[in-house]
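Given next are the chains, with one letter for each unit.
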Amino acid sequence: MGSDRSLQPINIFHNVMNQNRSLLVIYTGGTIGMVQDSESGSLLPFNFENLYQYIPILKNFNYTIDFYVFDTLIDSSNVSPAFWIQLAEVIESRYESYDGFVVLHGTDTMSFSAAMLSFMLENLNKPIVFTGSQLPLGVIRTDGRDNFINAIEIAASYEDDMPMVPEVCVYFDNKLFRGNRTTKFNSENFKAFLSVNYPLLAEVGVKIKYNSPYIQKPNFKKLTVYKNIDCNVALLKLYPGISEHLVHAVLQTMELKALVLETFGSGNAPTDSWFIEAIEQAINKGIIVYVVTQCNGGSVEIGKYETSRDLGRIGVISGYDITTEAAITKMMFLLGNVESKESIYQLLQTSMRGEMTI
Ligand code: ASP
């Protein structure tokens, strides 16, 4: 896997099966697209044109499936704003030609990418299903085969000509999640993703059971793609014993515009005066402080405990039950695309793409 981020276009290839539904599978890298080299034993990206050798059953689908392979396949640790923009552009330029999209992506930062794409693509009326795997497709016990096949089936699922899931989702281990609600919580189990604060969008067993009340409805408006991303955001995770020097160093980061503060429990932080003053000074300098919780589930409730009252008084913004992944990407998105600070404040407390429960 190269780490070259100059993601150039691409080769696209076409496999006509039937004109029923058409899907675009976008392969960006990650474990799923790997095979074991028979001589060295190490993992290498495989040639996607040989995909049917690994998943011959794909040929039985009644869909037209095209593949778009990123020129430089990346381990998802190398995901960057340039990558997100390229992915959004691939989808934008082919949006009208396909009924759904499957994005094959490394699992490590899949939750960040799914959240970022959900913000970049406004008025999305088609399914975009991210998936990947813990074991490469070329390994006998791979989870990639099932993840891939089910993601395709979900992306192609329509009822009365309406997509079943017109949103950015993550499919993994028989479960379909809203993408911007997910967190990767396990580095080796097939069950690798969680969405504690939002119900599953679908569960796959003998049938695919869609949880329709929790799935966005199409709004039939024209897709708008936002491509400005401002990365002047810091993430500070609190822990007992955090030093004053460290907090000051983070807040003095050059060009810093926003801080995502990962607090304890329901938005709690040390009440030491040096800490509160440091955060207050940052807010007075114009830095936006967005409070999220370190817990996988539950919500920030500023003022519930004495240990969060001071934060409320100095003007932090509550992220309610948003995940850290969604908070960071939402902040980068808003700083890049919204000029007025009041609007950013307001949108941070609004569920723009179903990423938070107010
Ligand atoms: N390091 C890999 C990646 O995120 C792991 C995976 O694909 O699961 O690209």
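Provided above is the structure to which this section pertains.
Presented here is an overview of the structure given in this document. This structure is a prediction, so every number in the text was calculated from the model and none was measured.

### Describing the nonpolar core
Generally speaking, soluble globular proteins have nonpolar side chains that are buried together.
Moving on, step 1. Within the largest apolar cluster, 95 residues are counted, with the highest numbers of intra-cluster contacts made by Ile26, Phe130, Phe148 and Ile152.
Moving on, step 2. With residues up to four places along the chain from it excluded, the contact list for phenylalanine 130 reads Leu87, Val103, His105, Met110, Ser113, Ala114, Leu117, Val168, Cys169, Val170 and Tyr171.
Moving on, step 3. In this structure, Ala234, Phe275, Ile283 and Val289 belong to the second largest nonpolar core, which totals 24 residues.

### A short note on helix 4 (residues 144–155)
Moving on, step 1. The end-to-end C-alpha distance of helix 4 is 16 Å, a good match for the 16 Å that 12 residues give at a rise of 1.5 Å each.
Moving on, step 2. Of all 12 residues making up helix 4, nine are buried, and the element is well covered by its neighbours.
Moving on, step 3. Of the positions making up helix 4, those classed as buried are Gly144, Asn147, Phe148, Ile149, Asn150, Ala151, Ile152, Ile154 and Ala155.

### Considerations on the packing of aromatic side chains
Moving on, step 1. On inspection of all chains with the given rule, the structure shows 11 aromatic pairs.
Moving on, step 2. Geometrically, the ring pair formed by tyrosine 95 and phenylalanine 101 is stacked, given 6.4 Å between the ring centres and 0° between the ring planes.
Moving on, step 3. The class of phenylalanine 101 is buried, set by a relative accessible area of 0%.
Moving on, step 4. Seen from their ring centres, tyrosine 98 and phenylalanine 101 are 6.0 Å apart, and the 65° between their planes marks the pair as edge-to-face.

### Section: the side chain of threonine 324
Moving on, step 1. Here threonine 324 shows up in helix 8 (residues 324–337).
Moving on, step 2. Reaching out from threonine 324, the side chain makes a polar contact with the side chain of glutamate 262 at a distance of 2.5 Å.

### Here we look at the pairing of strand 20 (residues 288–293)
Moving on, step 1. Across the six residues that make up strand 20, a large majority, six, are buried.
Moving on, step 2. Judged by which residues are buried, strand 20 turns out to be covered on both faces: Ile288, Tyr290 and Val292 on one side and Val289, Val291 and Thr293 on the other are all buried.
Moving on, step 3. Taken together, strand 19 (residues 258–263), helix 6 (residues 273–284) and strand 20 form a β-α-β motif whose crossover is right-handed.
Moving on, step 4. Pairing between strand 20 and strand 21 (residues 317–318): two bridges, direction parallel. When the sheet's bridge partners are listed, valine 291 is paired in strand 21 with serine 318.
Moving on, step 5. After leaving strand 20, the chain enters helix 7 (residues 306–314) and then returns to the sheet as strand 21, a path that is right-handed.

### Notes on helix 7
Moving on, step 1. If you check which residues of helix 7 are buried, you get Ser308, Leu311 and Ile314. Buried positions in helix 7, seen along its axis, are confined to an arc of 115° and lie on one side of it. Those residues of helix 7 that are exposed and angled more than 90 degrees off the buried face are Glu306, Arg309 and Arg313.
Moving on, step 2. Elements that come into contact with the buried residues of helix 7 comprise strand 19 and helix 6.
Moving on, step 3. Remark: glycine 315 follows helix 7 within two positions and exhibits a positive phi of approximately 100°.

### A few points about the pairing of strand 18 (residues 233–237)
Moving on, step 1. Bridge analysis of strand 18 against strand 19 gives five bridges, and the strand direction is parallel. When the sheet's bridge partners are listed, lysine 237 is paired in strand 19 with glutamate 262.
Moving on, step 2. As a crossover connection, the stretch from strand 18 through helix 5 (residues 244–251) into strand 19 is right-handed.

Reading guide: rules and limits
- Residues numbered from 1 in each chain as written.
- Predicted model: local features only at pLDDT ≥ 70, side-chain atom pairs only at ≥ 80, totals over all residues.
- Heavy atoms only, no water.
- Core = buried A, V, L, I, M, F, W, Y, C linked by side-chain atoms within 4.5 Å.
- Buried < 20%, exposed > 50% of the residue type's maximum accessible area, 1.4 Å probe, protein only.
- Contact = heavy atoms within 4.5 Å.
- Helix = DSSP H or I, 4+ residues; strand = E, 2+ residues; numbered from the N terminus.
- Expected span 1.5 Å × (residues − 1).
- Phe/Tyr/Trp six-rings, centres within 6.5 Å; stacked < 30°, edge-to-face > 60°.
- Polar contact = N/O pair within 3.5 Å; in protein donor to acceptor, adjacent residues only side chain to side chain.
- Right-handed = clockwise from strand over helix to strand, strands pointing away.
- Pairing = 2+ DSSP bridges.
- Arc of directions from axis to C-beta.

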